[in-house]
Amino acid sequence: EDKVVQSPLSLVVHEGDTVTLNCSYEVTNFRSLLWYKQEKKAPTFLFMLTSSGIEKKSGRLSSILDKKELFSILNITATQTGDSAIYLCAVEAQGAQKLVFGQGTRLTINP
Amino acid sequence: IAGITQAPTSQILAAGRRMTLRCTQDMRHNAMYWYRQDLGLGLRLIHYSNTAGTTGKGEVPDGYSVSRANTDDFPLTLASAVPSQTSVYFCASSTQENQPQHFGDGTRLSIL
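Residues numbered from 1 in each chain as written. Chains lettered and ligands numbered in written order. Predicted model: local features only at pLDDT ≥ 70, side-chain atom pairs only at ≥ 80, totals over all residues. Heavy atoms only, no water.

1. Some details on the overall build of chain B
Piece 1. The helix and strand inventory of chain B stands at zero helices and 11 strands.
Piece 2. Taken from the N to the C terminus, the helices and strands of chain B come in the order β-β-β-β-β-β-β-β-β-β-β.
Piece 3. Against the compact-globule benchmark of 13 Å for 112 residues, chain B has a radius of gyration of 13 Å, which places it among compact chains.
Piece 4. In terms of overall dimensions, chain B has C-alpha extents of about 40 × 25 × 25 Å along its principal axes.
Piece 5. Relative to its 112 residues, chain B shows a buried fraction of 49%.
Piece 6. Taking as baseline every contact in chain B between residues at least 6 positions apart, the subset at least 24 positions apart corresponds to 54%.
Piece 7. Split by element, the accessible area of chain B, about 5300 Å² in all, is 49% carbon and sulfur.
Piece 8. Charge centroids of chain B, computed over 9 positive and 8 negative side chains, lie 8 Å from each other. (Helix = DSSP H or I, 4+ residues; strand = E, 2+ residues; numbered from the N terminus. Rg over C-alpha atoms; globule rule 2.2 N^0.38 Å. Buried < 20%, exposed > 50% of the residue type's maximum accessible area, 1.4 Å probe, protein only. Contact = heavy atoms within 4.5 Å. Areas by Shrake-Rupley, 256 points an atom, 1.4 Å probe, with all protein chains shown as cover. Lys, Arg positive; Asp, Glu negative; His and termini not counted. Charge placed at Lys NZ, Arg CZ, Asp CG, Glu CD.)

2. Things to note about the sheet that holds strand β8 (residues 76-78) of chain B
Residues and elements named next belong to chain B.
Piece 1. Spatially, four strands are ordered β1-β3-β8-β7 in an open sheet, and the strand pairing comes out antiparallel. What marks the edges here is a single partner per strand, and that holds for β1 (4-7) and β7 (64-66). The average undirected angle you get between the axes of adjacent strands in this sheet is 20 degrees. (Pairing = 2+ DSSP bridges. Axes fitted to C-alpha atoms, helices over the stretch in contact; angles between N-to-C directions.)

3. Overview of unusual backbone geometry
Piece 1. In this structure, the amide linkage connecting serine 7 of chain A to the following residue, proline 8 of chain A, adopts the cis form with an omega of -10 degrees.
Piece 2. Residue position: proline 8 of chain A is located in the loop between β1 (3-7) and β2 (10-14).
Piece 3. The omega torsion across alanine 7 of chain B and proline 8 of chain B is -5 degrees, close enough to zero to call that bond cis.
Piece 4. Along the chain, the position of proline 8 of chain B falls in the loop between β1 and β2 (10-13).
Piece 5. Positive phi is not limited to glycine here, since asparagine 29 of chain A has a value of about 60 degrees.
Piece 6. Considering the arrangement of structural elements, one finds asparagine 29 of chain A in the loop between β3 (19-26) and β4 (30-38).
Piece 7. The phi torsion at alanine 78 of chain A lies on the positive side, around 45 degrees, for a residue other than glycine.
Piece 8. The topology assignment puts alanine 78 of chain A in the loop between β8 (71-76) and β9 (85-93).
Piece 9. Residue class for alanine 78 of chain A comes out partly exposed when judged on its relative accessible area of 38%.

4. Some remarks on the sheet that holds strand β6 (residues 56-58) of chain A
Residues and elements named next belong to chain A.
Piece 1. Overall, antiparallel pairing links the five strands, which are arranged β1-β3-β8-β7-β6 in an open sheet. Because the sheet does not close on itself, it has two edges, and the strands there are β1 and β6. In this sheet, neighbouring strand axes are inclined to one another by 15 degrees on average, regardless of whether the strands run parallel or antiparallel.
Piece 2. Across three bridges, the pairing between β6 and strand β7 (residues 61-66) is antiparallel. In the strand pairing of β7, lysine 57 is matched with serine 62.

5. Concerning the environment of arginine 68 of chain B
Residue and element names in this part refer to chain B.
Piece 1. Examined against the element boundaries, arginine 68 turns out to sit in the loop between β7 and β8.
Piece 2. Placed 51 residues apart in sequence, arginine 68 and arginine 17 show a C-alpha to C-alpha distance of 22 Å.
Piece 3. In terms of polar contacts, arginine 68 uses its side chain to reach the side chain of serine 49, at 2.8 Å. (Polar contact = N/O pair within 3.5 Å; in protein donor to acceptor, adjacent residues only side chain to side chain.)

6. Considering the interface of chain A and chain B
Piece 1. Taken together, the contact pairs 19 residues of chain A with 24 residues of chain B.
Piece 2. When the two sides are added together, the surface that chain A and chain B hide from each other amounts to roughly 1700 Å², 54% of it contributed by carbon and sulfur.
Piece 3. Summed over the shared surface of chain A and chain B, the result is two residue pairs in polar contact (both at pLDDT 80 or more).
Piece 4. For the side of chain A that touches chain B, the secondary-structure elements that each account for two or more residues are β4, β5 (43-49), β9 and β10 (99-101) of chain A.
Piece 5. Examining the composition of the side of chain A that touches chain B, we find that five residues originate from one element, β4 of chain A, more than from any other. (Buried area = accessible area lost by both parts, 1.4 Å probe.)

Keep in mind these values describe shape, not function.
Following this line, the structure appears as structure tokens:
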């Protein structure tokens, strides 16, 4: 059974701190790993990772995938209160076109 | 504005009643999905459709049915609602290539 585990489940930091969110997975015939940010309503897409060792970056956010150790990390530098959200990790198997999600990490940035 | 529209935004429903959650997308995406989101469990797939006219079961399909008569619409029906179906329901869509899924704003459903 495909499985995604995120850690920590909850994290509270001060504005300006750097955070690292973790996602480990077990999936048959891995195709891709995705990160989403969920504030009040719809999850919004951040990154899709398919290859090991290639960092994806968008502003203060970056992510990398390790297909040998079966995990990914999402880094946020110089955090701002607007980064407060639930961050969701999901994996997709080859030919499945279905996502399996982790439980999410609730990140709170205090001013 | 292109995207996914879900209706209603929220609903309180008596147990045993029938309810249909609506989902419409205007991006001409082939694939559509229904998830439920519960505290501590993340998003779990209920049903999906890879293309109009086809549907498939996800991780938690029991008590739910879907139809896909055309590309744009993917309604989710609870034939006889039970309190354990209290949840936030998200509809999503994607192209069939290796592209991310896009989500609607969700429907908050409470079954009493």
